[in-house]
Amino acid sequence: VYGDIIGDSNRTLIANVQSADTVMEQEKVKQLTIILLENAVKYTGDGDKIKVSLKSAEGGCILSVADTGIGIAEGDEEKIFQRFYRGENAQATKSGSGLGLAIARNTVEEIGGKIYATRNIPKGLIVTAFLPGRS
């Protein structure tokens, strides 16, 4: 799936996916990962890197997608999860609806998880989701 999303672009995909326990159905984890990867691909260009990580954590697992793309403005870390919100740099460079990360947040929060974004210094974005495990 990851290779299909990256396609023939000149980006580097680094994946570190381990076995992890979560209450989220496998298909929903896959859909969430696809949303985050598609977002990263959209806002990266030739030569950029995208790192996908899934690992066990206390009480569940952590899914993270980090890129070296255009990133977000300081203060937009929470806003990018709002429906139809698109940062100024995103509006200027790519078309889109502003729904992908809102759907990702809804998917994660449905199972009691948390999702947040941080700026990837010096450039890019990191989106991290905590998915709770089975009790």
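Scroll up to find the structure this text is about.
Residue numbers here run from 1 along each chain, matching the order of that chain's written sequence. Residues qualify for local features only when their pLDDT is at least 70, as the model is predicted, and side-chain atom pairs are given and counted only at 80 or more; totals for whole chains, interfaces and linings, by contrast, use all residues. Side-chain numbers here rest on the full set of heavy atoms in the structure, without hydrogens or water.

Undergrad: Even after reading the chapter, I still don't get the environment of Ser 97, so can you show me in this structure?
TA: Numbering of helices and strands runs from the N terminus; a helix is a DSSP stretch of H or I covering at least four residues, while a strand is a stretch of E covering at least two. With respect to the element layout, Ser 97 can be found in the loop between α3 (88-93) and α4 (100-110). Buried residues are those whose accessible area, probed at 1.4 Å on protein chains only, stays under 20% of the maximum for their type, while exposed residues exceed 50% and partly exposed ones sit between those limits. For Ser 97, a relative accessible area of 42% corresponds to the partly exposed category. Sequence separation between Ser 97 and Gln 31 is 66 residues, and the spatial gap between their C-alpha atoms is 18 Å. Throughout, a residue-residue contact means that at least one pair of heavy atoms, one from each residue, lies within 4.5 Å. Beyond its immediate sequence surroundings of up to four residues, Ser 97 is in contact with Phe 84 and Arg 86.

Undergrad: What is the right way to read the pattern of salt bridges from this model?
TA: Any two side chains of opposite charge can pair, so long as their charged atoms come close to each other. For salt bridges, the criterion is a side-chain nitrogen of Lys or Arg within 4 Å of an Asp or Glu carboxyl oxygen. Tallied over the entire structure, the rule returns seven salt bridges. A salt bridge links Lys 123 to Asp 48, with the shortest nitrogen-to-oxygen separation between them at 3.3 Å. On the criterion of sequence distance, the pair formed by Lys 123 in the loop between β4 (114-119) and β5 (125-132) and Asp 48 in the loop between α2 (26-42) and β2 (49-57) is long-range, its members being 75 residues apart. A salt bridge links Arg 119 to Glu 74; its shortest N-O distance comes to 3.7 Å. Separated by 45 residues along the polypeptide, Arg 119 in strand β4 and Glu 74 in the loop between β3 (60-67) and α3 bring together distant segments of the chain. Assessed through its relative accessible area of 67%, Glu 74 is described here as exposed. Members of the salt-bridge network, linked through shared partners, are Glu 78, Arg 105 and Glu 109.

Undergrad: Honestly, α4 in this entry has me stumped. Any pointers?
TA: Every α-helical turn comprises 3.6 residues, leaving residues that sit three or four positions apart pointing alike. Three or more residues of α4 are buried, namely Leu 101, Ala 102, Ala 104, Arg 105, Thr 107 and Val 108. Elements in contact with the buried residues of α4: α2, β4 and β5.

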